[in-house]
Amino acid sequence: EPEVTQTPSHQVTQMGQEVILRCVPISNHLYFYWYRQILGQKVEFLVSFYNNEISEKSEIFDDQFSVERPDGSNFTLKIRSTKLEDSAMYFCASSNGLNNEQFFGPGTRLTVL
Amino acid sequence: RKEVEQDPGPFNVPEGATVAFNCTYSNSASQSFFWYRQDCRKEPKLLMSVYSSGNEDGRFTAQLNRASQYISLLIRDSKLSDSATYLCVVKHNQGGKLIFGQGTELSVKP
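Parameters at a glance
For every chain, the first residue of its written sequence is number 1, and the numbers climb from 1 along that sequence. Whichever chain is written first is A, and whichever ligand is written first is 1; the rest continue in order. Whole-chain, interface and lining totals are the exception, using all residues; otherwise, since this is a predicted model, local features are given only for residues with pLDDT of at least 70 and side-chain atom pairs are given and counted only at 80 or more. As a rule here, side-chain values come from all non-hydrogen atoms in the structure, and water together with hydrogens is ignored. Any two cysteine sulfur atoms within 2.5 Å of one another count as a disulfide. Starting at the N terminus, helices and strands are each numbered in turn, a helix being any DSSP run of H or I of at least four residues and a strand any DSSP run of E of at least two. Buried residues are those whose accessible area, probed at 1.4 Å on protein chains only, stays under 20% of the maximum for their type, while exposed residues exceed 50% and partly exposed ones sit between those limits. A pair is scored as a salt bridge if a Lys or Arg side-chain nitrogen falls within 4 Å of a carboxyl oxygen belonging to Asp or Glu. Two strands qualify as a pair provided DSSP detects at least 2 bridges between them. The convention used is that axes are lines fitted to C-alpha atoms, helices contributing only their stretch in contact, and that angles between N-to-C directions extend from 0 to 180 degrees.

1. Some points on the state of the cysteines
Residue and element names in this part refer to chain A. Under the criterion given, the structure shown has 2 disulfides over all chains. Across the disulfide from Cys23 sits Cys92; the S-S distance is 2.0 Å. The S-S bond linking Cys23 to Cys92 shows a torsion near -65°; that makes this disulfide left-handed. A residue pair is termed long-range when its members are at least 10 positions apart, and Cys23 in strand 3 (residues 19-24) and Cys92 in strand 9 (residues 88-95) qualify at 69 residues. For Cys92, a relative accessible area of 0% puts it in the buried group.

2. Digging into the pattern of salt bridges
All names here are of chain B. This structure, assessed with the given rule, holds 6 salt bridges over all chains. Among the salt bridges present, the one from Asp39 reaches Arg37, with a minimum N-O distance of 2.9 Å. Between Arg76 and Glu56 there is a salt bridge; the shortest N-O distance is 3.6 Å. Of this pair, Arg76 sits in the loop between strand 8 (70-75) and strand 9 (84-92) while Glu56 sits in strand 6 (residues 55-57); the two residues are 20 residues apart in sequence, bridging distant segments of the chain.

3. Observations concerning unusual backbone geometry
Residue A:Pro8 is bonded to the preceding A:Thr7 through a cis peptide linkage, with omega at -10°. Of note, A:Pro8 is situated in the loop between strand 1 (5-7) and strand 2 (10-13). Backbone geometry at B:Arg41 places phi at a positive 65°, although glycine is not the residue there. You can see B:Arg41 is positioned in the loop between strand 4 (30-38) and strand 5 (44-50). Positive phi, close to 50°, is recorded for B:Asp77, a residue that is not glycine. With respect to the helices and strands, the residue B:Asp77 is situated in the loop between strand 8 and strand 9. For B:Asp77, a relative accessible area of 39% corresponds to the partly exposed category.

4. Concerning the sheet that holds strand 8 of chain B
Residue and element names in this part refer to chain B. Ordered by their spatial adjacency, 5 strands build an open sheet running 1-3-8-7-6, and the pairing between neighbours is antiparallel. Both outer strands of the open sheet, strand 1 (4-6) and strand 6, are each paired with one neighbouring strand and no more. Strand-to-strand twist in this sheet, taken as the mean axis angle between neighbours without regard to direction, amounts to 20°. Here strand 1 runs beside strand 3 (residues 19-25); their pairing, made up of 3 bridges, is antiparallel. Note on strand 3: the bridge partner recorded for Gln6 is Cys23.

What follows is the structure in structure tokens.
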């Protein structure tokens, strides 16, 4: 069964460093999403991406964040200068239609020290 | 006010019990409704969509009341493997953004 994959599973970084979280969505999907979940809190939407551009972003997704689909398979989330409060689980999701089920990857746990 | 609010947990129930989760949403623009399941430190997985007429999938029954902006999930004959956090999720008509509730933790004991 096709699935969304994410790497790395755990990333530890120093405050102020740049990180890139990688996702490989399901191959025929066209809509891509990033969500995050701070420990003990709810899952929060960050950004959606379709047709090589951002279609929606949340207030969390400020200038420190960017997304890219550098090739036909990867979808990345970059945080330019990490803060302590960026520590969270980051989930990538994809779907093959705006109203279709979003399939989530296993997540990348980001720890900012 | 939170856009999606759920029963506070945790719910601790014996195997075989029936358990009900409630959820309210505040934005009348919400058009699609779901229950997701999340196991500890894992990704959310779709349990079932929720339709206005109510729908059932095996031991799971979901109900939606648009007038009251209320969603429910009933689990009958609960199993140990049902232990997880249950997330109430809504989506607006515009866009694919999912809006999650805080989740309600369920622990089913032998």
